[in-house]
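Tertiary structure, described
Chain by chain, the residues run as shown.
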Amino acid sequence: MKKQFSATKGLNADLENFEITDILQLITQQVKCGSLSVEGKDGNCSWYFLDGGLVDFECDFPGHLLDLKSILVKSGHLDESAYDLLTGKRGLGEKEVAELLVQGKFISPGELENINLRRLIESFIVTMQWTKGKYSFFPTSEVQRHPFLPAQDANFIILEALRQIDEMTVMKKRLQPLDRVFETTLAQANGEASIHDLNLFKEGLEAQFDRDELETYRLFDGKRPLSEILNRNVLGQFHTCRIILDFLERGIIVPESSSQSTGKLSRAPAVNRQLSGLPLMLLGTALVIATLLSIKNLTNPRQGLKPTFFSAIVDNLRADRKAVLAQAAELLRRP
Amino acid sequence: MAVPAAQANVLDKAWRQVIDPTPATLPGLERSLEDFILTKKSLAIKNATLYSLALIEMAKQKSSEPEAATLLTKAAVQVSPDYAFPETALCELFFDQGHGLKSLRHLFAATRKFQSNPQEGFYAATFLWLALAVLPFSLMILMTTIMAVRYFRTFSEMGRIKLKPATQKLLLTTAAIAAVLIIYLQTPLPGLFLLAGLISILATRRDIILLALLLAALLFTPFAYEKGMFSLLTLDSSFFRSARLSESGRHLQFEPASKHQQPAENLSQLVLQFFMQAEIARQRGEYHKAEIFLRQIIAEKIELGAVYNNLANLLFLQKNPETTLDQYEQLYLKAAELEPRQGIPYYNLSRAYLSLSFDLIKSQTYLEKAFGIDPDLSQTHEAQSQPDFMPLPENFYRQYADSQPGHKTFFPEIFRYMLFPGAGWTTYFILVIIFLGGILWQALLTPGNRRLCPGCGRLFHSLKKLKHTAACPLCQAAGRQSPCNLGWHSQTSILLTLTSIAVPGFYQLLRGQPVAAAALQIPALFWLYNFLICRTGIMALQPPSTPWLSLVFPALIWIANLGLIATALSIHLRKQAGEKYQ
């Protein structure tokens, strides 16, 4: 639940005049306690500091799936109805739900800490890319720690976010234009699968990806553009970019335009379906027959055909051997 | 060695005792064989191949009497100790009698002689070089054809995705026309290029690299074929015909040397011609003529140990009073210097010192040197009364073979049967290199993770976690990883199973195990080649025709093939059973 505060005794500024990294460094250097809130075009976010350390955060980015519920549901820790059951009826906040999940052993504290750390970095990645917006710092000593987020050095988080932004810029250049639609090649090869096979196919698919890859892979439905996949993936933009590039390098996904040009599958009769496989069989059979005929004609030409050089020499040697054997047989004749 | 008439009469007399022994019992036969071998030795006849052949024939006639047959075949080995064919006959005899180990021992002995004997060495060279020419080509044809079966489903499905029905029909018609042309013109190589090129479009990178390797091996084929044909031509050359006659041990009305002469085209042919004429003259006892021929070789400034050694021997046999011991020493030492691995020149020099000056100290010194280099000399030269003559070094025979004329005839012939009429050396290499480049380019374009599922034959792209298995996600979930489940009709599956049993390496290649497939197919094709070359009759009585190669070897390959299939299937079934249990 978002904390309400006023910034009357704090600091208010525009992102255009004073960069967010500068204010973060100021808070860290002066070992301040309080909350920093940013409001921009894509949502808003608040970070909480205790003695200069980052101890909690709350974000609301409608274009990005950064909320705990989406992440837990997408990563398969629990389904949506179970989450609603835990939160909706009792009106619990995110932290309380997290505690319940850990108590109920739906997720381990370590896993939850990792998820929160990734969300924290992602929140900086999103806000650092804003060029317009307002922020306010409200000093207070009443700051509570997040139960599943160890206190973080803000400088480290900033540097990590900046590193990821830099790398992501390079990766995004390779993915341009981001409005392209991609399709999985695995789905192409699976064109002939029956419904039963498709179920097996899904099971097999889950077995061969790790969780992050599977999450990304599922988003490639031949409809979503890359930009949407980057924003909607719960892994965050940086990790999504890395996985997409990996998929592209390994030929797991192909641009939808290329698969469209090749035409979609048609349920043609079985015989028609083998029309493009049969040339292989025809050529293979012809190859074997031609080879056998060549060997036969080279070593032992048919009656009426001109003998080959090879067969002539072989005939000479054979005749020679016959003559020698006849001489040997001659030796065996008694006088 | 051909024998002068007087000597031949003595040998004939001993031979008559062999074919008509008195008493006509086994000990009687044994005694007459011993007499014949002793007579042959006393006449300084090293090999008498015709008599060995006659003894082998006699042994075959006495196959109902195992002891007599063994005795006769063993005698054949002693009569021609440098030749492989009597050892081969003995190997076959022991095999028929069920003495496997003895048979194998004689097979090894035969193989050793097959390589070391200058005459039979050319049979061995023909056999091996032609095998090297034929094997890569036949392996590529076999593997590419099996790959066509392996990629059938992939092509069917991908073709359906990428091609319209009209285009599919056009492709099929074009392939049918190409197939008819390939058969009608008998041009396997263009057919091979076409098929391999087609497969490489959808093949995995590993299979494309395999095709490229096989294709690269084709670059070696013409060279191997050239060497093999040169060896074959040498066997058919007048020089080797004369050599065969001279080793027959039979007094033949010697055909005039000119009949065995061809105009020498190069120095090695000229030297061989002079050397052969010197040998013929020597065997007739015309030592002076023989000396002239050898001096001709020296005049051509060809430095060969055998020439100097044999010249010194001829001077020794002429007992020329003008020749001093120093001159003998000079010639023999020159021979020893040119052939440092031969003890014969020192042995002959030792004899010269003993006969001409009775210098025991020098004689003993050189004899020790001779035995130091070649300890076997003490056994082989016991019964000889004459100095030992040396043959030409083996590499000289190879040079002779390589300078045979004929490549202008046999190259167009082989390229005609591989490529098309009118194709030559340049066309062949240009085509192979261009195609190899194309295949390698295709390998670069192919995604590294492209896989072909052995369970269903579908193309898919594997991911990190699938490294341990070759199956696609679908087959992995269903527990199908065997090519028996290629998803085809049951008749096709039966056909595939039968082919897997009959053709070694078929199952392994279908499963995507090219190394295991090659390990089975290379010996299988070698056996097929051995079978075909033995059918021409030129390898009769040589090691390739033994039952070990013609019967036991293919049986072992077939058992290995069945064993590997059974192991793969049992592992698969055990896995399936384990999964069900879980």
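All values reported here derive from a predicted model rather than from experimental measurement.

Section: the overall build of chain B
The helix and strand inventory of chain B stands at 28 helices and two strands. In chain B, buried positions account for 53% of the 582 residues. Counting contacts in chain B only where the partners sit at least 6 residues apart, residues at least 24 apart contribute 71% of the total. As presented, chain B carries roughly 26,400 Å² of accessible surface, and 63% of it is formed by carbon and sulfur atoms.

Details of the overall build of chain A
The number of helices and strands found in chain A is 15 helices and eight strands. Taking all contacts inside chain A whose residues are at least 6 apart in sequence as the whole, residues at least 24 apart take part in 70%.

Some words on the side chain of Ser350 of chain B
Residues and elements named next belong to chain B. With respect to the helices and strands, Ser350 occurs in helix 18 (residues 344-356). Classification of Ser350 as buried rests on a relative accessible area of 3%. Among residues more than four places away in sequence, those in contact with Ser350 are Ser363, Tyr366 and Leu367.

Quick word on the sheet that holds strand 2 (residues 34-40) of chain A
Residue and element names in this part refer to chain A. On the basis of which strands lie adjacent, the open sheet formed by six strands has the order 1-5-2-3-4-6 and antiparallel pairing. Of all the strands in the sheet, just strand 1 (11-14) and strand 6 (152-153) have a single pairing partner and so form its edges. Across two bridges, strand 4 (residues 53-60) lies against strand 6 in antiparallel orientation. Bridge pairing in strand 6 links Leu54 to Gln152.

Digging into the pairing of strand 2 of chain A
Residues and elements named next belong to chain A. Here strand 2 lies mainly inside the structure; five of its seven residues are buried. Sheet topology places strand 2 next to strand 3 (residues 43-50); seven bridges connect them, and they run antiparallel. Each bridged residue has a counterpart across the sheet, and for Ser37 the counterpart in strand 3 is Ser46. Between strand 2 and strand 3, which pair antiparallel and follow one another directly, the connecting turn spans two residues. With seven bridges connecting them, strand 2 and strand 5 (residues 133-139) associate as antiparallel partners. In the strand pairing of strand 5, Gly34 is matched with Pro139.

Re the packing of helix 18 of chain B against helix 19 (residues 360-373) of chain B
Residue and element names in this part refer to chain B. Running from N to C, helix 18 and helix 19 point in directions that differ by 165 degrees, and their axes come no closer than 8 Å. Relative to helix 19, the element helix 18 lies roughly antiparallel. Between helix 18 and helix 19 lies a crossing whose hand is left-handed. Where helix 18 abuts helix 19, its residues Tyr346, Tyr347, Leu349, Ser350, Tyr353 and Leu354 lie against Leu360, Lys362, Ser363, Tyr366, Leu367, Lys369, Ala370, Phe371 and Ile373. Counted by class, the contact of helix 18 with helix 19 contains 11 nonpolar, two polar and two charged residues.

Some thoughts on the nonpolar core
Proteins that are soluble and globular tend to have nonpolar side chains buried together. The biggest cluster of nonpolar side chains holds 129 residues, and the ones touching the most others in it are Leu189, Ile199, Leu215, Leu218, Tyr225 and Tyr428 of chain B. With 17 residues, the single largest contributor to this core is helix 7 (residues 118-150) of chain B. With residues near it in sequence (within four places) discarded, Ile199 of chain B still touches Leu280 of chain A together with Thr144, Met147, Ala148, Tyr151, Phe155 and Leu211 of chain B. Residues Phe124, Leu178, Leu219 and Phe220 of chain A belong to the second largest nonpolar core, which totals 51 residues.

Structural notes on the pattern of salt bridges
Under the definition given, this model contains 10 salt bridges over all chains. Across the salt bridge formed by Arg163 of chain A and Glu167 of chain A, the nearest N and O atoms sit 2.6 Å from each other. Pair noted here: Arg163 of chain A and Glu167 of chain A are both in helix 6 (residues 154-175), with a separation of four residues, about one helical turn. By relative accessible area, Arg163 of chain A is classed as partly exposed at 35%. Looking at Glu167 of chain A, the relative accessible area reads 34%, which means it is partly exposed. Between Arg150 of chain B and Asp207 of chain B there is a salt bridge whose closest N-O contact spans 2.9 Å.

With respect to the packing of helix 15 (residues 309-332) of chain A against helix 3 (residues 49-61) of chain B
One way to put it is that helix 15 of chain A packs onto helix 3 of chain B with a least axis distance of 8 Å and a crossing angle of 70 degrees. Here helix 15 of chain A is positioned roughly perpendicular relative to helix 3 of chain B, judged by the angle of their axes. For the crossing formed where helix 15 of chain A meets helix 3 of chain B, the hand is right-handed. Here Val324, Leu325, Gln327, Ala328, Leu331 and Leu332 of chain A of helix 15 of chain A lie close against helix 3 of chain B, whose contacting residues are Leu50, Tyr51, Leu53, Ala54, Glu57, Met58 and Gln61 of chain B. Its residues placed into classes, the contact of helix 15 of chain A with helix 3 of chain B shows 10 nonpolar, two polar and one charged.

A closer look at the packing of aromatic side chains
Residues and elements named next belong to chain B. Using the criterion set out here, one finds 27 aromatic pairs over all chains in the structure. Ring geometry for Phe223 against Trp425: centres 5.2 Å apart, planes inclined by 90 degrees, an arrangement best described as edge-to-face. Of the two residues, Phe223 is situated in helix 12 (residues 221-235) and Trp425 in helix 23 (residues 425-445); the sequence distance between them amounts to 202 residues. Look at Phe223 and you get partly exposed, because its relative accessible area is 37%. Relative accessible area serves as the criterion here: at 33%, Trp425 is assigned to the partly exposed category. These aromatic residues form a ring-pair network of at least three members: Phe223, Phe411, Phe415, Trp425, Tyr428 and Phe429.

Some details on the confidence of the model for chain A
Residues and elements named next belong to chain A. Considering every residue of chain A, the mean pLDDT works out to 76; 78% of them sit at 70 or more. Across chain A, helix 14 (residues 278-299) holds the top mean pLDDT of 89, while helix 12 (residues 256-261) sits lowest at 48. Residue range residues 1-7 is modelled with pLDDT below 50. Its contacts to residues more than four positions away, or to other chains, number 15 contacts. Within the model, pLDDT remains below 50 along residues 258-269, and this stretch shows 16 contacts once partners closer than five positions in the same chain are excluded.

Conventions we followed
Residues numbered from 1 in each chain as written. Chains lettered and ligands numbered in written order. Predicted model: local features only at pLDDT ≥ 70, side-chain atom pairs only at ≥ 80, totals over all residues. Heavy atoms only, no water. Helix = DSSP H or I, 4+ residues; strand = E, 2+ residues; numbered from the N terminus. Buried < 20%, exposed > 50% of the residue type's maximum accessible area, 1.4 Å probe, protein only. Contact = heavy atoms within 4.5 Å. Areas by Shrake-Rupley, 256 points an atom, 1.4 Å probe, with all protein chains shown as cover. Pairing = 2+ DSSP bridges. Axes fitted to C-alpha atoms, helices over the stretch in contact; angles between N-to-C directions. Parallel < 35°, antiparallel > 145°, perpendicular 65-115°, else oblique. Left-handed = near helix turned anticlockwise from the far one by under 90°. Nonpolar A, V, L, I, M, F, W, Y, C, P; charged D, E, K, R; others polar. Core = buried A, V, L, I, M, F, W, Y, C linked by side-chain atoms within 4.5 Å. Salt bridge = Lys/Arg side-chain N within 4 Å of Asp/Glu carboxyl O. Phe/Tyr/Trp six-rings, centres within 6.5 Å; stacked < 30°, edge-to-face > 60°. pLDDT = per-residue confidence, 0-100.

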